Structures are given as structure tokens and as C-alpha cells.
Amino acid sequence: MQKVVRTLLVFCCIIMVVSACGQAKNASPDTGGAAANGGDVNGADNNGGQQDEAGSEQIAIKVYYTDDNLTDLIEKEATVSFKEPVEKYEAALQALKSSPDGKLTALWSGIDIRSVAFENGALTMDIHIPDEARLGAPGESLMLEAVRQTLFQFPEVQSIEILVDGQKIESLMGHVDLPHPMLRETN
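Described in the following lines is the structure provided in the data block. All values reported here derive from a predicted model rather than from experimental measurement.

Relative orientation of the contacting elements helix H2 (residues 85–96) and helix H3 (residues 137–151) amounts to 145 degrees, with a least axis distance of 10 Å. Between H2 and H3 the crossing geometry is right-handed. Judged by residue contacts, Tyr89, Ala92, Leu93 and Leu96 of H2 engage Ala146, Val147, Thr150 and Leu151 from H3. A class-by-class count of the residues in the contact of H2 with H3 yields 7 nonpolar, 1 polar and no charged.

Following this line, the structure appears as C-alpha cells:
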């Protein structure tokens, strides 16, 4: 009987050690078992995102487009994937470049996004605007508002600096003043 009890104890210890080893990979010391990526052990992050099998995080964001007449911004939801935090902003900007359906116009279509950097709440993006991507005053105004609303949905972004070919310019397309930087409005 003692031999059976000892065998069961050894077996239980082995199971506990094996299961603890599997959890130790995902646990971080300050989260009480939450995954080291800031999410829970089921792959969800604190922002409602999910992690895919490749280790990329996926989150749903709001992206802004316009109608064919360039009169209003229209909000659509998109899912973006990223591995590094700055890639989240790059993915959001890429989502601005293509329309989810034929009824909406992507204001950032044709704009080359050369680089995106984020440090201490300040997001800096360097773009190139080919001649064929230039818009009139209403389009330029909506374009700035679309990027503002898309990027300021991330609470950590406090300012957005838009450079064109590495330079601070007065206006993207000559119609609307471009603030340096655009600041998050506080209520």
C-alpha cells in the first residue's frame, strides 16, 4: 500500500512540474500568470487584441475614409497585425491607403509612407506625395482629419509630426495649414 501511495505522489509531482514548466514560459513576474506580451494566457492583449500563431498581435481599429464627393469622413473597422509596437501605427497608416469597398475613397491612397517612429508619446511619420496623389482643399482637409482620428485613437499617441521628404512643410498640398506637430485635443 505504501508503495502505491509513493508512486502516486511521485506521479503527481511529475505532473505538477511539467505543467508548471509550460506556464513559466508565458508568465511574467508582475502579472500573476499573464502572458509576457501584456495579455492574458489565452492570447488576448489588454487592448482586446489576439495573438496569432506567428506571434503577431491583432487588434481592431477604426480607420477613416471619405465618400466620392469628398464631403464627410466615414469610419470603418479594420484589423491590423503587428509584432513590434511601432508596427501598430505603420499598419494603421497602411489601412488608410486602401478602401475596404468600392463605395469609399481612401484619402491616403498613393501616399508613400517612408518611415514611422514613436518615442515618448510623439509619433513622427515621413511621407512622400507623388503628383497623382495630390488633392484639392476639401480632400487635403479630410486627409489630415483622417490621419488625426486614426492615430489619436491610440491613447499613448500625444502628438503627430508629419514630414514630407524629411522636411517640415507649411501645407501637405498647398491648401490647409499643417501644424508641427498636431497635438491631441484634451477635453
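Here the narrative resumes, following the displayed structure.
If you look at the biggest cluster of nonpolar residues, it comprises 42 residues, and the most contacted ones within it are Trp108, Met125, Ile127, Leu151, Ile162 and Leu172. When contributions to this core are tallied by element, the ones reaching two or more residues are strand E2 (57–66), strand E3 (73–82), H2, strand E4 (112–119), strand E5 (122–128), H3 and strand E6 (159–164).

Before going further, it helps to spend a moment on unusual backbone geometry. With an omega of -10 degrees, the peptide bond running from His180 to Pro181 counts as cis. Counting through the fold element by element, Pro181 comes out in the loop between E6 and strand E7 (182–183). Positive phi is not limited to glycine here, since Asn120 has a value of about 50 degrees. Position of Asn120 among the secondary structure elements: in the loop between E4 and E5. With relative accessibility at 77%, the residue Asn120 sits in the exposed group. Of note in the backbone geometry, Asp165 takes a positive phi value of approximately 50 degrees without being a glycine. As for its position among the elements, Asp165 is in the loop between E6 and E7.

With respect to topology, 4 strands assemble into an open sheet ordered E4-E5-E6-E7, the strand pairing being mixed. Every interior strand has two partners, whereas the edge strands, E4 and E7, have only one. Relative to E4, H2 is tilted by about 145 degrees, and along the sheet it contacts E4 and E5. Helix-sheet contacts for H3 involve E5, E6 and E7, and the interaxial angle to E6 is about 135 degrees.

Attention now goes to the environment of Asp177. Along the chain, Asp177 falls in the loop between E6 and E7. Each C-alpha atom, one on Asp177 and one on Ser141, is 9.0 Å from the other, the two residues being 36 residues apart in sequence. Discounting chain neighbours no more than four positions away, the residues touching Asp177 are Leu144 and Glu170.

Looking only at H2, the buried set comprises Lys88, Tyr89, Ala91, Ala92, Leu93, Ala95 and Leu96. Buried residues along H2 sit in contact with E2, E3, E4, E5 and H3.

Let's shift gears to the packing of aromatic side chains. Per the counting criterion, the structure on display carries 2 aromatic pairs. Both rings, one in Tyr89 and one in Phe118, keep their centres 5.0 Å apart while their planes meet at 40 degrees; by these two values the pair is tilted. Taken together, the residues span a long stretch of sequence, with Tyr89 in helix H2 and Phe118 in strand E4 at a distance of 29 residues. Centroid distance Tyr89 to Phe154: 5.4 Å. Interplanar angle 80 degrees. Geometry classified as edge-to-face. In this pair, Tyr89 sits in helix H2 while Phe154 sits in the loop between H3 and E6, placing the two residues 65 residues apart along the sequence. Here Tyr89 and Phe154 have matching classes, each one buried.

Another aspect to go through is H3. Given 3.6 residues per helical turn, the α-helix brings residues three or four places apart onto the same face. For H3, which comprises 15 residues, the first-to-last C-alpha distance of 21 Å matches the rise-based estimate of 21 Å (1.5 Å per residue) to within 8%. Residues of H3 that are buried include every one of Gly139, Glu140, Leu142, Met143, Leu144, Ala146, Val147, Arg148, Thr150 and Leu151, and no others. Where H3 is buried, its residues meet E2, E3, H2, E5, E6 and E7.

Here we take up the pattern of salt bridges. A full pass over the atoms with the stated rule returns 4 salt bridges. Lys88 is the salt-bridge partner of Glu156, the closest N and O atoms lying 2.8 Å from each other. Of this pair, Glu156 sits in the loop between H3 and E6 while Lys88 sits in helix H2, and the two are 68 residues apart along the sequence. Accessibility expressed as a relative area gives 28% for Glu156, which makes it partly exposed. The partner of Arg148 in a salt bridge is Glu145, with the nearest N and O atoms 3.5 Å apart. You can see Arg148 and its partner Glu145 sitting in helix H3, 3 residues apart, about one turn around the helix. Residue classification places Arg148 among the buried positions, given a relative accessible area of 19%.

Cut-offs and rules
- Residues numbered from 1 in each chain as written.
- Predicted model: local features only at pLDDT ≥ 70, side-chain atom pairs only at ≥ 80, totals over all residues.
- Heavy atoms only, no water.
- Axes fitted to C-alpha atoms, helices over the stretch in contact; angles between N-to-C directions.
- Helix = DSSP H or I, 4+ residues; strand = E, 2+ residues; numbered from the N terminus.
- Left-handed = near helix turned anticlockwise from the far one by under 90°.
- Contact = heavy atoms within 4.5 Å.
- Nonpolar A, V, L, I, M, F, W, Y, C, P; charged D, E, K, R; others polar.
- Core = buried A, V, L, I, M, F, W, Y, C linked by side-chain atoms within 4.5 Å.
- Buried < 20%, exposed > 50% of the residue type's maximum accessible area, 1.4 Å probe, protein only.
- Pairing = 2+ DSSP bridges.
- Phe/Tyr/Trp six-rings, centres within 6.5 Å; stacked < 30°, edge-to-face > 60°.
- Expected span 1.5 Å × (residues − 1).
- Salt bridge = Lys/Arg side-chain N within 4 Å of Asp/Glu carboxyl O.

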